[in-house]
Each structure stands twice: as C-alpha cells, then as structure tokens.
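Read off the chains here:
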Amino acid sequence: MENKSCSFCRFFERYYTKGAKQFNKTKTGLCRKRQEQVTVQDGCKEFVKKPLRRRSVRLLRYYLNEILLELHALREVAEDNRDEGADE
C-alpha cells in the first residue's frame, strides 16, 4: 500500500497560529497514531482517510432563513426612506 499525505489522515491534528483576524494553518501537526510531530506532506502505513464532514440541511435552512429575514427588514427600511423622500 502506498503512503498517503498526512493532511488527509484522520489521525493528523494540524497546528494553528493566531493571526490578526483569524487562525492560520501551519505546515506541521501532531500524528496521534505515532505520537510525534509531522509535516503535511509526510505519510505512513497507518494512514486512514479522514471522513467527510457534511453540514446538515436543517442548519443551512436556518441560516438561509436568518439572511432572508435581514434582507426583508432592510428592504422595508429602504422603502420607508423612499416614501418619506417622496412626501417632501
């Protein structure tokens, strides 16, 4: 079996550094299987593919609904401003 990249292994935990607005990925991390520091390009025989993380449809619908409610409120404010400008 050929070696795979550690970045796609389920045992790989990447290190992060704190940036100004977000956390930045580093090119190194911890291999929980071998208990040692590895780089993203390393690989080993204990490679197990990381499972895909899928977001639930219910969560996506919730956030979409929140965005649509905000857009509706902004539209009402814009229409009120337009109506007040026409009265003057």
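Because the structure is a prediction, the values reported are computed rather than measured. (Residues numbered from 1 in each chain as written. Predicted model: local features only at pLDDT ≥ 70, side-chain atom pairs only at ≥ 80, totals over all residues. Heavy atoms only, no water.)

1. Section: a negative patch on the surface
Move 1: A grouping of Glu-76, Asp-80, Asp-83 and Glu-84 is seen on the molecular surface, where their side chains present a negatively charged patch.
Move 2: Secondary-structure assignment places Asp-83 in helix H1 (residues 57-87). (Patch = residues over 30% accessible without salt bridge, like charges linked within 9 Å, V, L, I, M, F, W, Y side chains within 5 Å. Areas by Shrake-Rupley, 256 points an atom, 1.4 Å probe, with all protein chains shown as cover. Salt bridge = Lys/Arg side-chain N within 4 Å of Asp/Glu carboxyl O. Lys, Arg positive; Asp, Glu negative; His and termini not counted. Charge placed at Lys NZ, Arg CZ, Asp CG, Glu CD. Helix = DSSP H or I, 4+ residues; strand = E, 2+ residues; numbered from the N terminus.)

2. What to know about the packing of aromatic side chains
Move 1: Per the stated rule, a full pass over the model turns up one aromatic pair.
Move 2: Over the ring of Phe-23 we find Lys-18; its NZ or CZ atom is 5.4 Å from the centre of that ring. (Phe/Tyr/Trp six-rings, centres within 6.5 Å; stacked < 30°, edge-to-face > 60°. Lys NZ or Arg CZ within 6 Å of the ring centre and 35° of its normal.)

3. Details of the sheet that holds strand S2 (residues 23-31)
Move 1: Reading across the sheet, the three strands line up as S1-S2-S3 and stay open at both edges, with antiparallel pairing between neighbours. Taken across any chain shown, the strands that pair with only one partner, and hence form the sheet edges, are strand S1 (12-18) and strand S3 (36-39). Strand-to-strand twist of the sheet, defined as the mean angle between neighbouring strand axes without regard to direction, takes the value 45°.
Move 2: Pairing analysis gives six bridges linking S1 to S2, with the strands arranged antiparallel. In the sheet register, Arg-14 faces S2, and the bridge partner there is Gly-29. (Pairing = 2+ DSSP bridges. Axes fitted to C-alpha atoms, helices over the stretch in contact; angles between N-to-C directions.)

4. Section: a positive patch on the surface
Move 1: A cluster of basic side chains, namely Lys-25, Lys-50, Arg-53 and Arg-55, defines a positive patch on the protein surface.
Move 2: Tracing the chain through its elements places Arg-53 in the loop between S3 and H1.
Move 3: Residue class for Arg-53 comes out exposed when judged on its relative accessible area of 81%. (Buried < 20%, exposed > 50% of the residue type's maximum accessible area, 1.4 Å probe, protein only.)

5. What to know about the pairing of S3
Move 1: As judged from the four bridges shared by S2 and S3, these two strands associate in the antiparallel manner. Each residue of the ladder has a partner; that of Thr-28, found in S3, is Thr-39.
Move 2: Between the end of S2 and the start of S3, which pair antiparallel, lie four residues, with Gln-35 showing a positive phi angle near 55°.

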